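# Fold and geometry: a report
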Amino acid sequence: MPKILVVYASMTGNTEEMAEAIVEGAKEAGAEVVSKEAFDATADELNHYDAIIIGAYTWGDGELPDEFLDFFEEMDGLDLSGKKAAVFGSGDTSYPIYCGAVDTIEAKLKELGAEIAGECIKFEYNASEEEKEHGRRLGRQIAGLVAVAG
């Protein structure tokens, strides 16, 4: 059974709701999924899963949220070669950099050797039902790719 870790940072619950949709989709596809808020996770845990899906809201002018920074910095030096990965997050289009945290996390995962295996999901504020369905599809897609690779 493919094992997937979903790690996220959510202030108002919007990013958490998308994480729940992604978890739901991955479980539907037969994956074993663990979901954690970033402050309850360690970067080393990424090594123990077949795939990782990371989400964070964007703070200020495109920055990562404070409660995500320790986890993000702990990722330095990891070798995620061969890991399937995806990224999601919420943002606000009134800022010049929309969902910049998603782009920052995606770049870090690529730098560490992970394969971005699903289209990143960016959504404004709270996800619509259509966007949540996109999240469920992403969960199913990643679970399916890991099951085939395993």
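Residues numbered from 1 in each chain as written. Predicted model: local features only at pLDDT ≥ 70, side-chain atom pairs only at ≥ 80, totals over all residues. Heavy atoms only, no water.

## Regarding the pattern of salt bridges
Tallied over the entire structure, the rule returns 12 salt bridges. Of the charged contacts, one joins Glu45 and Lys36 as a salt bridge, the two residues approaching to 2.6 Å between their closest N and O atoms. A relative accessible area of 15% places Glu45 in the buried class. Given a relative accessible area of 23%, Lys36 falls into the partly exposed group. With a shortest N-O distance of 2.9 Å, Glu133 and Arg140 are connected by a salt bridge. Judged by its relative accessible area of 28%, Arg140 falls in the partly exposed class. Through salt bridges with shared partners, one network takes in Glu17, Glu24, Glu28, Glu129, Lys132, Glu133, Arg136 and Arg140. (Salt bridge = Lys/Arg side-chain N within 4 Å of Asp/Glu carboxyl O. Buried < 20%, exposed > 50% of the residue type's maximum accessible area, 1.4 Å probe, protein only.)

## Some remarks on the layout of surface pockets
As a volume, the largest pocket reaches approximately 290 Å³. Of all the secondary-structure elements, those providing two or more residues to the lining of the largest pocket are helix H1 (14-28) and strand E4 (84-91). (1 Å grid on protein atoms, 1.4 Å probe; cavity = no way out; pocket = protein on both sides within 12 Å on 5 of 7 lines; lining within 4 Å. Points joined across faces, edges and corners; volume = space filled by probe spheres on them. Helix = DSSP H or I, 4+ residues; strand = E, 2+ residues; numbered from the N terminus.)

## So, the pairing of strand E1 (residues 3-9)
With six of seven residues buried, E1 is to be regarded as a mostly interior element. Where E1 meets strand E2 (residues 32-37), six bridges bridge the pair, whose relative direction is parallel. The residue bridging Lys3 from the neighbouring strand is Glu32, located in E2. Read from E1 through H1 to E2, the crossover connection turns out right-handed. Here E1 runs beside strand E3 (residues 51-56); their pairing, made up of six bridges, is parallel. Note on E3: the bridge partner recorded for Val7 is Ile54. (Pairing = 2+ DSSP bridges. Right-handed = clockwise from strand over helix to strand, strands pointing away.)

## Re the side chain of Lys84
Residue position: Lys84 is located in strand E4. A distance of 2.7 Å separates polar atoms of two side chains, one belonging to Lys84 and the other to Glu115. (Polar contact = N/O pair within 3.5 Å; in protein donor to acceptor, adjacent residues only side chain to side chain.)

## Focus on helix H4 (residues 129-149)
A rise of 1.5 Å per residue sets the reference length of H4, with its 21 residues, at 30 Å; its end C-alpha atoms lie 30 Å apart and thus fit the reference within 8%. Every buried residue of H4 is listed here: Lys132, Gly135, Arg136, Leu138, Gly139, Ile142, Ala143 and Val146. Seen from one end, H4 has its buried residues packed into an arc of 155 degrees, which puts them on one side. Across H4 from its buried face, at more than 90 degrees, point the exposed residues Glu129, Glu130 and Val148. (Expected span 1.5 Å × (residues − 1). Arc of directions from axis to C-beta.)

Geometric values such as these leave the question of function open.
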